[in-house]
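Below, each chain spelled out in residue letters.
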Amino acid sequence: MKIWIDGRFYDKDDAKVSVFDHGLLYGDGVFEGIRAYNGRVFQLKEHVDRLYHSAKCVLMDIPMPPAELTRVILEAVRANELRDSYIRVVVTRGTGDLGLDMRKCKVPTVIVIADKIKLYSDEVYKRGLRVMVSHLRRISPDTLSPSIKSLNYLNNILARAEASRSDCDEAILLNREGYVAECSGDNIFFIRNRKVHTPPVHVGILEGVTRNVAIKLAKEKLGLEVHETVFTVPELYRADEIFVTGTGAEIIGVVYLNGRVVADGKPGPLTTELIRAFREYTKSPESGAAVYEPVKV
Ligand code: PXG
């Protein structure tokens, strides 16, 4: 595997950063997780835009323009001769000393890893996810905005661990006020009476790229109304269908929540239709940038 760091490719064993990198010392950095489907990087512009947004929020100047990083991402997929891929773009504050002061870090470190994708099995899509509400609240927007995809993931990791230890696949995090925010690595939706609901960004969530595609497909391909609404856990108990969206998960139905069976315990029919529409969309030219032909950026 060839990994791009600050201007050149390294073999996996030589792809290293300093122990003085503030990404390691403080989680001071931002990242994106992106997928490529059959030689097309899914929603590449949206992911690159979100990365530069995250960087701006944390006062970080990525040392190259978005168009150049876009070219590097495509090059990283090509260098590894991949068509289906999981791409991780990481920008750390860079190397400094043992103090918090970001001014000691002269230049951010940019890393692009294009790896083989580890897929959820077909079985998971068929049986659906088991989910629980974590006792951990989603970190508040007035503390560290969840709209920043930062290298501080302990809030999410600890919630996911809590779910795993209770035999669940994912954890829902509520916001400070007790409204449903999102899962540890996925956004959440429910459907009731053919109306789709998902929390609005101001509840304190990452505005998922997959979330936005799911909203568009639900409206345009399934003809459903989609409402960005604030809701509590009992609303989920009376949902006809629940699903989560994320780069890794794509769209997966939720069949079990906090010891309760969701509807009839199977991924719902509209969720199943939406999964089909999503898979179809990943094949279309407008879904992302082609890796193996000249790209205009
Ligand atoms: N919420 C959170 C907190 C996330 O981290 C999503 C929602 C879904 O966003 P996208 O843009 O992917 O639809 C995420 C992103 C991984 C990995 O390695 C995935 C995420 C985060 C961290 C790691 O699979 N999900």
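Each remark here, short or long, concerns the structure printed above.
Residues numbered from 1 in each chain as written. Predicted model: local features only at pLDDT ≥ 70, side-chain atom pairs only at ≥ 80, totals over all residues. Heavy atoms only, no water.

Trainee: Honestly, the overall build of the protein chain in this entry has me stumped. Any pointers?
Mentor: Scanning the protein chain from terminus to terminus reveals 8 helices and 16 strands. Referenced to the eigenvectors of the C-alpha coordinate spread, the extents of the protein chain come out at roughly 55 × 45 × 30 Å. Taken across its 297 residues, the protein chain has 52% of its residues classed as buried. At a minimum sequence separation of 6, the contacts of the protein chain that also span at least 24 residues come to 70%. Positive and negative side-chain charges of the protein chain, numbering 42 and 40 respectively, have mean locations separated by a distance of 1 Å. (Helix = DSSP H or I, 4+ residues; strand = E, 2+ residues; numbered from the N terminus. Buried < 20%, exposed > 50% of the residue type's maximum accessible area, 1.4 Å probe, protein only. Contact = heavy atoms within 4.5 Å. Lys, Arg positive; Asp, Glu negative; His and termini not counted. Charge placed at Lys NZ, Arg CZ, Asp CG, Glu CD.)

Trainee: How do you make sense of the site of the ligand when you look at a structure like this?
Mentor: R88, Y153, E182, T210 and T247 are the nearest of the 20 residues found near the ligand. Interatomic distance of 2.9 Å between a side-chain N/O atom of R50 and an oxygen atom of the ligand. In this structure, R88 approaches the ligand through a side-chain N or O atom, which is 2.7 Å from an oxygen atom. Look at the ligand: alone it shows 540 Å² of surface, and the protein chains cover 84% of it. Contributing elements (two or more residues each) for the shell around the ligand: β5 (85–92), β9 (180–183) and α6 (209–220). Each residue belonging to the shell around the ligand can be placed in one class, and the counts come to 6 nonpolar, 8 polar and 6 charged. Both domains that meet at the shell around the ligand, namely domain 1 (2–115) and domain 2 (122–281), each give it at least three residues. (Near = heavy atom within 4 Å. Polar contact = N/O pair within 3.5 Å; in protein donor to acceptor, adjacent residues only side chain to side chain. Areas by Shrake-Rupley, 256 points an atom, 1.4 Å probe, with all protein chains shown as cover. Nonpolar A, V, L, I, M, F, W, Y, C, P; charged D, E, K, R; others polar. Domains from an automatic or database assignment.)

Trainee: What exactly am I supposed to notice about the state of the cysteines here?
Mentor: Such a bond, covalent and formed between the sulfur atoms of two cysteines, is termed a disulfide. For the structure shown, the criterion picks out 0 disulfides. C168 forms no disulfide, and the closest cysteine sulfur to it belongs to C183, at a distance of 11 Å. (Disulfide = S-S within 2.5 Å.)

Trainee: Where do I start with the environment of R211 in this structure?
Mentor: Looking at the secondary structure, you find R211 in helix α6. Overall, the relative accessible area of 1% leaves R211 in the buried class. Separated by 58 residues in sequence, R211 and P269 place their C-alpha atoms 18 Å apart. Aside from chain neighbours lying at most four places away, what touches R211 is N187, F189, T198, P199, P200, V201, I205, E228 and T245.

Trainee: Got a minute to help me understand the packing of aromatic side chains in this structure?
Mentor: Between two aromatic rings, the relevant description is the distance of the centres plus the angle of the planes. Enumeration according to the criterion identifies 7 aromatic pairs in this entry. For the ring pair F189 and F243, a centre distance of 4.7 Å and an interplane angle of 15° mean the geometry is stacked. Of this pair, F189 sits in strand β10 (residues 187–192) while F243 sits in strand β13 (residues 241–246), and the two are 54 residues apart along the sequence. We classify F189 as buried; its relative accessible area is 1%. Overall, the relative accessible area of 1% leaves F243 in the buried class. Counting every residue linked through ring pairs, the aromatic cluster contains Y37, F42, F278 and Y281. The side chain of R130 reaches across the aromatic face of Y256, ending 4.1 Å from its centre. Residue placement shows R260 over the ring face of Y237; its charged tip is 4.0 Å from the ring centre. (Phe/Tyr/Trp six-rings, centres within 6.5 Å; stacked < 30°, edge-to-face > 60°. Lys NZ or Arg CZ within 6 Å of the ring centre and 35° of its normal.)

Trainee: Can you help me understand a nonpolar patch on the surface in this one?
Mentor: On the surface, a nonpolar cluster with roughly 700 Å² of combined accessible area is contributed by V19, F20, L24, L25, Y26, L98 and L100. You can see L98 is positioned in the loop between β5 and β6 (109–115). On the basis of relative accessible area, L98 is assigned to the exposed category, the value being 62%. (Patch = residues over 30% accessible without salt bridge, like charges linked within 9 Å, V, L, I, M, F, W, Y side chains within 5 Å. Salt bridge = Lys/Arg side-chain N within 4 Å of Asp/Glu carboxyl O.)

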